[in-house]
Each structure stands twice: as structure tokens, then as C-alpha cells.
Amino acid sequence: MKGRIATIEFYRFAFMVVLLMWHGPFDSFKFGSGYLVVEFFFILSGYMLMESFYRKPKTAVQYTIDRLKRMYVPYFVALCLACLYFGIIPDLIIRHSVSMELIFPFIDEALLIQGLGLFGGGINYPLWYFSVLIIGGYFLYELISRWQTISLHVIIPILSVLTLTYLSNLQGGTFEIFTVNGVFYVPFWRGMAEMGIGVVLCAFCHSRYNKMHKSVGLDFVAVMTLLLIVCILNSDGNHKYDKYAIIFFPIIIYVGIWNKSFLNKFIDRPVWVKLGGVTYEMYLLHAMTGSLAYRVVGPGIDNIYLFIVYVIAVTLLSFIFKTCCQKLQNKKSTSSL
């Protein structure tokens, strides 16, 4: 995997658009199971974690530190912006003070413990995903680096299967559960299990058993899988088939990375690499942009043109945000020297 793959970047941007719809005011035509795109991002993250291990093995601590160096500055800036937007400005206007309900959530989000179940809620609430990504990724990498064979063949597959089996039998099969069951915080184990699927997928792709990528039949499989994913996402809130996303997302990741199908050649355009490159920033900002859209246009909007304008606006804002954060990181690196 040298550089970015246009097909994967296309999926990242397309699923981010679905998430914008899911968390925005566009209730009239949003996908009923749009939350499932988070499963795609978790599985892809697990794949990239294992790919990173194959390229250059590190300790789990060093891997996590390197990850934070790349990702934490925009994360923290977005958290500060969310703190201003959701808390400080309204508090100063309404109460003329900053409440403790704002300070403590800011601390646990800044320390990346929002997604562990110790503290509920959050200011920039979708950032639970990032906490699980970093902390869960650390544990998975530690398992792989210490006991690679038994982790890939036994521990991680069992963890993933048992966790997802448990989740699929809770509350009608939806994975969108933010509760503590016993000592287990469901979103954390959900993310760990799905990253585990990505890890196992990557291990298979690099094994001697990976001979399917040359099959012409994968063209047909890729198209049918995409259609089935759309059907699952558009299930009108009936979560009976949500669990099948765990099968189909790994397939499109596999085909997108390893197969030179006509679908990949059709999607292979530089524009998708550019757009896929800001999906992280779009995710960081979309809680605020979605809230702002609610205030401007109101809930239940069924105007597709307004949604297109909204997506374009969030994308452009994300490009600006990414550029500013890169300049901040470069300035910080220069000053440290």
C-alpha cells in the first residue's frame, strides 16, 4: 500500500457524506441505519494498523505516540472549537459563567478517556470514536507485537466474534448502543471487535492463502456488495440486517485494495484522494456543522439541494481546518527544534 488508494478514499468520503446526513437535520431522506458507516471506519482502521505493523513493527507505545503526533492537534483544536460553540459562548450569554459541566467533560475528552465508559457524554460527542481508535488500537497492537501468531489466529478472532455476537442480540440487533453492561462499555468493545476484523483481514491479505484477488469474479462481487450495503443502510430503522455490514464492509475494503477490477479503475480519480484526505477533519467538525445546520434550516429538511450545499460547505471548511492545523503542527515542530 504505497500512498493513498483512490477506491478506498472514495469509500471514506462517500460514507462520511452518509454520516453527515445521519447527524444533520435532513431527517426526511437520511438512511435508516446510517450509523453503520462507523463500522466501515473501524474495520479500515484495523486493517491499516496491521498494515503499519507489517511495514515497520514498533512497540505499542511508540505506535500510539506516532499516531497521536499525526492526529491529536486537529483533534484538540476541534475539541476547543466545540467547547466554545456548545459551552463557553452559550454559558457566557445565558448564565454569564462557565459551568463545571463543561470543564470536566473537556478534561476527559482531552485525555482520550471519553470512549472508555468511565465518564459519560462529551462536548464534541462523536469523538468517542477517536478515543476508542487510539486506546483500543494500543491494546490490539500490543497483542500483535507480543504474541503475533496466537493473537491473529485465536485471540483477536474470538474477541471479535463473541463481542459482535453479543451486540447483535441487544436491542434489536443495532450496534448503536451507548451503555455500560457490567464493567464493559459497549462502544469500546464494539470498536475493538471491528478493528479486530480489519486486523484479521489484513493478515489474510498478506498470507499465502490470498489468491482470490486475481479473480475476475470479484468485479461482480464488488458491485453486488455495494448494492447490498446501500440496502442495509437504507433499512428505515429496521435493524434486522445491520449485522451483515460486518461481512460486506471487509469485502469492499479487500477488493478496493487488492483487486484491479473495472470498478476500481472507474473510481480511480485523483479527486477522491483529495476528498478522502479530509474525512478525518470532516468527522471532527460535523457535530458543530450539523448543529449549526439545525439552527439555520431546522429539522426534517427534505431538500436534496440544501444537503448538497451543506456537504460542499463542510468539505471546504474541512480543507481550511486541515491546512490551519498543519501550519500549527509545522510551527510547533520548528519551535521545538
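Values in this document were obtained by computation on a predicted structure and should not be read as measured data.

How each quantity is defined
Residues numbered from 1 in each chain as written. Predicted model: local features only at pLDDT ≥ 70, side-chain atom pairs only at ≥ 80, totals over all residues. Heavy atoms only, no water. Helix = DSSP H or I, 4+ residues; strand = E, 2+ residues; numbered from the N terminus. Buried < 20%, exposed > 50% of the residue type's maximum accessible area, 1.4 Å probe, protein only. Contact = heavy atoms within 4.5 Å. Areas by Shrake-Rupley, 256 points an atom, 1.4 Å probe, with all protein chains shown as cover. Patch = residues over 30% accessible without salt bridge, like charges linked within 9 Å, V, L, I, M, F, W, Y side chains within 5 Å. Salt bridge = Lys/Arg side-chain N within 4 Å of Asp/Glu carboxyl O. Axes fitted to C-alpha atoms, helices over the stretch in contact; angles between N-to-C directions. Parallel < 35°, antiparallel > 145°, perpendicular 65-115°, else oblique. Left-handed = near helix turned anticlockwise from the far one by under 90°. Nonpolar A, V, L, I, M, F, W, Y, C, P; charged D, E, K, R; others polar. Polar contact = N/O pair within 3.5 Å; in protein donor to acceptor, adjacent residues only side chain to side chain. pLDDT = per-residue confidence, 0-100. Phe/Tyr/Trp six-rings, centres within 6.5 Å; stacked < 30°, edge-to-face > 60°.

A. The arrangement of the overall build of the chain in detail. When helices and strands are counted, the chain shows 13 helices and two strands. Sorting the 337 residues of the chain into buried and exposed places 51% on the buried side. Contacts in the chain between residues at least 24 apart in sequence constitute 77% of all its contacts with a sequence separation of at least 6. Carbon and sulfur atoms form 68% of the exposed surface of the chain, whose accessible area is close to 16700 Å².

B. Here's a closer look at a nonpolar patch on the surface. Side chains of Trp147, Ile150, Val154, Ile155, Ile158 and Leu162 sit close together on the surface and give an oily, nonpolar patch of about 560 Å² of accessible area. Among the structural elements, Leu162 can be located in helix α6 (residues 148–168).

C. The arrangement of the packing of helix α5 (residues 128–146) against helix α7 (residues 186–205) in detail. Contact pair α5 / α7: the axes reach a minimum separation of 9 Å and the direction vectors enclose 50°. Considering the angle they form, α5 stands oblique to α7. The interaxial crossing formed by α5 with α7 has right-handed handedness. Counted together, Trp128, Val132, Leu133, Ile135, Gly136, Gly137, Phe139, Leu140 and Ile144 of α5 and Pro187, Phe188, Arg190, Gly191, Met192, Met195, Gly196 and Val199 of α7 form the full contact between these two elements. Classifying every residue of the contact of α5 with α7 gives twelve nonpolar, four polar and one charged.

D. Local environment of the pattern of salt bridges. Counted under the stated rule, the structure contains five salt bridges. The shortest N-O distance in the salt bridge between Glu9 and Arg12 comes to 3.0 Å. Note that Glu9 and Arg12 are positioned in helix α1 (residues 6–23) at a spacing of three residues, about one turn of the helix. Both residues of the pair, Glu9 and Arg12, belong to the buried class. For the salt bridge of Asp66 with Lys58, the shortest nitrogen-to-oxygen distance reads 2.6 Å. Overall, the relative accessible area of 26% leaves Lys58 in the partly exposed class. Members of the salt-bridge network, linked through shared partners, are Arg4, Glu9 and Arg12.

E. Representation of the environment of Tyr310 in the model. Tracing the backbone shows Tyr310 in helix α13 (residues 304–336). Judged by its relative accessible area of 9%, Tyr310 falls in the buried class. Along the backbone, Tyr310 and Ala293 are 17 residues apart, and their C-alpha atoms lie at a distance of 7.9 Å. Excluding residues that lie within four positions of it along the chain, Tyr310 makes contacts with Leu20, Phe26, His286, Thr289, Gly290 and Ala293. A polar side-chain atom of Tyr310 sits 3.2 Å from a polar atom in the side chain of Thr289.

F. Examining the confidence of the model for the chain more closely. Summary statistics for the chain give a mean pLDDT of 84 and a share of 86% for residues scoring 70 or more. The lowest-confidence element of the chain is strand β1 (residues 180–181), averaging 72 in pLDDT; the highest-confidence one is helix α2 (residues 37–55), averaging 95.

G. How the structure looks around the packing of aromatic side chains. Tallied over the full model, the rule gives 27 aromatic pairs. Relative to Tyr129, the ring of Phe42 lies with its centre 4.6 Å away and its plane at 45°, an arrangement referred to as tilted. Of the two residues, Phe42 sits in helix α2 while Tyr129 sits in helix α5, which places them 87 residues apart along the sequence. Given a relative accessible area of 0%, Phe42 falls into the buried group. An aromatic cluster is defined as three or more aromatic residues linked by ring pairs; in this entry it consists of Phe10, Tyr11, Phe13, Phe15, Phe40, Phe41, Phe249 and Trp272.

H. Just unusual backbone geometry, in detail. In this structure, Leu112 is a non-glycine residue whose phi angle is positive, near 65°. For Leu112, the location among the structural elements is in the loop between α4 (100–110) and α5. Classification of Leu112 by relative accessible area gives buried; the value is 6%.

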